[in-house]
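Chains, contacts and geometry: an overview
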Amino acid sequence: MDNQFTRQERDNSARLAELLHHNTDWIWEVDADSRYVWVSEMVTNQLGYTPEQVLGRTPFDFMAPGETARLKKSFEEILASRQPFSGLINRNVHADGHVVILETSGIPLFDENGTLTGYRGTDRDISQLGERVLQLESIYQNTPLALCMINRKGLLVEANKAMGELLGQDAATLPGKSLEDIVPDWHLLLQQDFMLLDSGEEIASKEVYLHGRYFYIKPLPVNDAGGHVSGISAAWVDITDRKIAEQKLACANQTLLQYAERDHLTGLFNRRYMDERLNNEITRAQREGSSLSLCMADIDFFKRYNDTYGHQAGDQVLRGVAEALRGGLRPADCVSRYGGEEFLVILPDTNGEGALAVAERLRERVQALAIEHESSPLGGALTISLGVMTWDASQLVCNIQSTGHISAELISRSDAALYRAKQQGRNRVVVA
């Protein structure tokens, strides 16, 4: 019976050795110093060396130039982690000189005290596919576009050099780090993206501001073999220059808009803007059934002032009067330089009594400026005259006039009231 078990054990050992030595993968075992202590005969098929030529040497002794520097840190991290690894692609030099690309996987080995004694694993020849993989890896790592992949736990799985530069860290140290610790704001957005993907919705691109720069992020789902979302890959594009250009353009457009709406001398709204504003206020008054009042103001004897003091002094007067008028109005009111020395004031939701009070206040504010005007027959100080017109939309049962016609009529009536104020001696308010 003992002889039978012995024969069976020998047969099993022989079959196991046959499997190990003739497996399509090269099976190996290394000690804690990464030196080969056992290799299968398949190493000869893959690298052209006999097992005896490999034993006692390290994987780095067979790698192509440059691979040791690229992978040594990865091997050190594998040994330090004491964890299984897989899919480590590396270039090796065959005994006859040609390059062989291997995919390496392994598991840690421990003694009875839990001390790491080495690793056991396999090398698979993927030369036909591997060169393409390495080329893609090189492209991924060296593209100027910042690329990364994050798993569902919010940990970085992959990150290229540009991503490391963006985050101010060595790209090789990023895998395994939590995105929440590095970019807290984007971590929250990422969690929302996973929720959207789980509900069957698409995830949108987004813009973020990080370290003084603007970035456009394009996220895409990464699915596992079962079709489930296992992570999100993202490309980060630095759009700072574009954002700055957009901001400058927006400022320029705002400036152009102000030039289009404002009088360059006084800073008040110009006639073009005021005509449009008046149409809008008429429409609103019709809709709400409210009153709308206008004040047309004119500087008295302004031509004589220019003739006496000069046009530069006249420009200063226009600025001073404009500021006095603007300071005497409510936020909802609006004043413009309507032409020459004429000013138009729109008073929304204001009845005749209120408009008269506003007009008198404006007249007094200008007179209080005490601007010398020795050529004026009104006592040597600069004054203004005002014509007031009030339109009560609530009293109109039906009005077939267009807004433009109503606007023209209101302007005409307030201007006529101003004319009567001048006829009656100036420095006064006349109601239409």
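What counts and how
- Residues numbered from 1 in each chain as written.
- Predicted model: local features only at pLDDT ≥ 70, side-chain atom pairs only at ≥ 80, totals over all residues.
- Heavy atoms only, no water.
- Helix = DSSP H or I, 4+ residues; strand = E, 2+ residues; numbered from the N terminus.
- Buried < 20%, exposed > 50% of the residue type's maximum accessible area, 1.4 Å probe, protein only.
- Contact = heavy atoms within 4.5 Å.
- Areas by Shrake-Rupley, 256 points an atom, 1.4 Å probe, with all protein chains shown as cover.
- Salt bridge = Lys/Arg side-chain N within 4 Å of Asp/Glu carboxyl O.
- Phe/Tyr/Trp six-rings, centres within 6.5 Å; stacked < 30°, edge-to-face > 60°.
- Lys NZ or Arg CZ within 6 Å of the ring centre and 35° of its normal.
- Pairing = 2+ DSSP bridges.
- Axes fitted to C-alpha atoms, helices over the stretch in contact; angles between N-to-C directions.
- Parallel < 35°, antiparallel > 145°, perpendicular 65-115°, else oblique.
- Nonpolar A, V, L, I, M, F, W, Y, C, P; charged D, E, K, R; others polar.

1. Here's the deal with the overall build of the chain
Looking only at helices and strands, the chain has 14 helices and 15 strands in total. Looking at the 432 residues of the chain, the share that counts as buried comes to 40%. When contacts within the chain are restricted to residue pairs at least 6 apart in sequence, long-range pairs at least 24 apart make up 54% of them. Entry remark: accessible area of the chain is about 23,800 Å², with carbon and sulfur atoms responsible for 51%.

2. Some words on the pattern of salt bridges
Applying the stated criterion across every chain yields a total of 21 salt bridges. Glu29 is the salt-bridge partner of Arg120, the closest N and O atoms lying 3.0 Å from each other. Pair noted here: Arg120 is in strand 5 (residues 116-125) and Glu29 is in strand 1 (residues 26-31), with a separation of 91 residues, a long-range link. Residue classification places Arg120 among the partly exposed residues on the basis of a relative accessible area of 40%. Glu246 is the partner of Arg242 in a salt bridge, and the nearest nitrogen-oxygen pair spans 3.1 Å. A residue pair is termed a helical-turn pair when its members lie 3 or 4 positions apart in one helix, as Arg242 and Glu246 do in helix 9 (residues 240-261) at four residues.

3. Side note on the packing of aromatic side chains
Taken as a whole and judged by the stated rule, the model has nine aromatic pairs. Judged by centre distance (5.2 Å) and plane angle (65 degrees), the ring pair of Tyr49 and Phe62 falls under edge-to-face. Highlighted residues: Tyr49 in the loop between helix 2 (42-47) and helix 3 (51-54) and Phe62 in the loop between helix 3 and helix 4 (67-81), separated in sequence by 13 residues. In textbook terms, an aromatic cluster arises when at least three aromatic residues are bridged by ring pairs, as seen for Trp26, Trp28 and Tyr36. One residue, Lys243, lies across the ring of Tyr214, its end atom 5.7 Å from the ring centre.

4. Brief notes about the side chain of Asn306
Tracing the chain through its elements places Asn306 in helix 11 (residues 302-309). For Asn306, a relative accessible area of 13% puts it in the buried group. Among residues more than four places away in sequence, those in contact with Asn306 are His311 and Gly314.

5. Notes on the sheet that holds strand 11 (residues 291-299)
Pairing is mixed across the open sheet formed by five strands, whose spatial order is 12-13-11-14-15. Every interior strand has two partners, whereas the edge strands, strand 12 (334-339) and strand 15 (429-431), have only one. Here the strands of the sheet are splayed against their neighbours by 20 degrees on average, with no regard to which way each runs. Two strands pair when backbone bridges link them, and strand 12 and strand 13 (residues 342-348) are joined in this way by five bridges, in the antiparallel orientation. Among the inter-strand pairings, Cys334 is bridged to a residue of strand 13, identified as Ile346. Those strands touched by helix 14 (residues 403-423) are strand 11, strand 12, strand 13, strand 14 (384-392) and strand 15, and its axis lies near 145 degrees from that of strand 14.

6. Things to note about the packing of helix 11 against helix 12 (residues 311-327)
It is the contact of helix 11 with helix 12, at a shortest axis distance of 7 Å, that shows an interaxial angle of 135 degrees. Taken together, the axis directions place helix 11 and helix 12 in an arrangement best described as oblique. Between helix 11, through Phe302, Tyr305, Asn306 and Tyr309, and helix 12, the contact on the second element is made entirely by His311, Ala313, Gly314, Val317 and Leu318. A class-by-class count of the residues in the contact of helix 11 with helix 12 yields six nonpolar, three polar and no charged.

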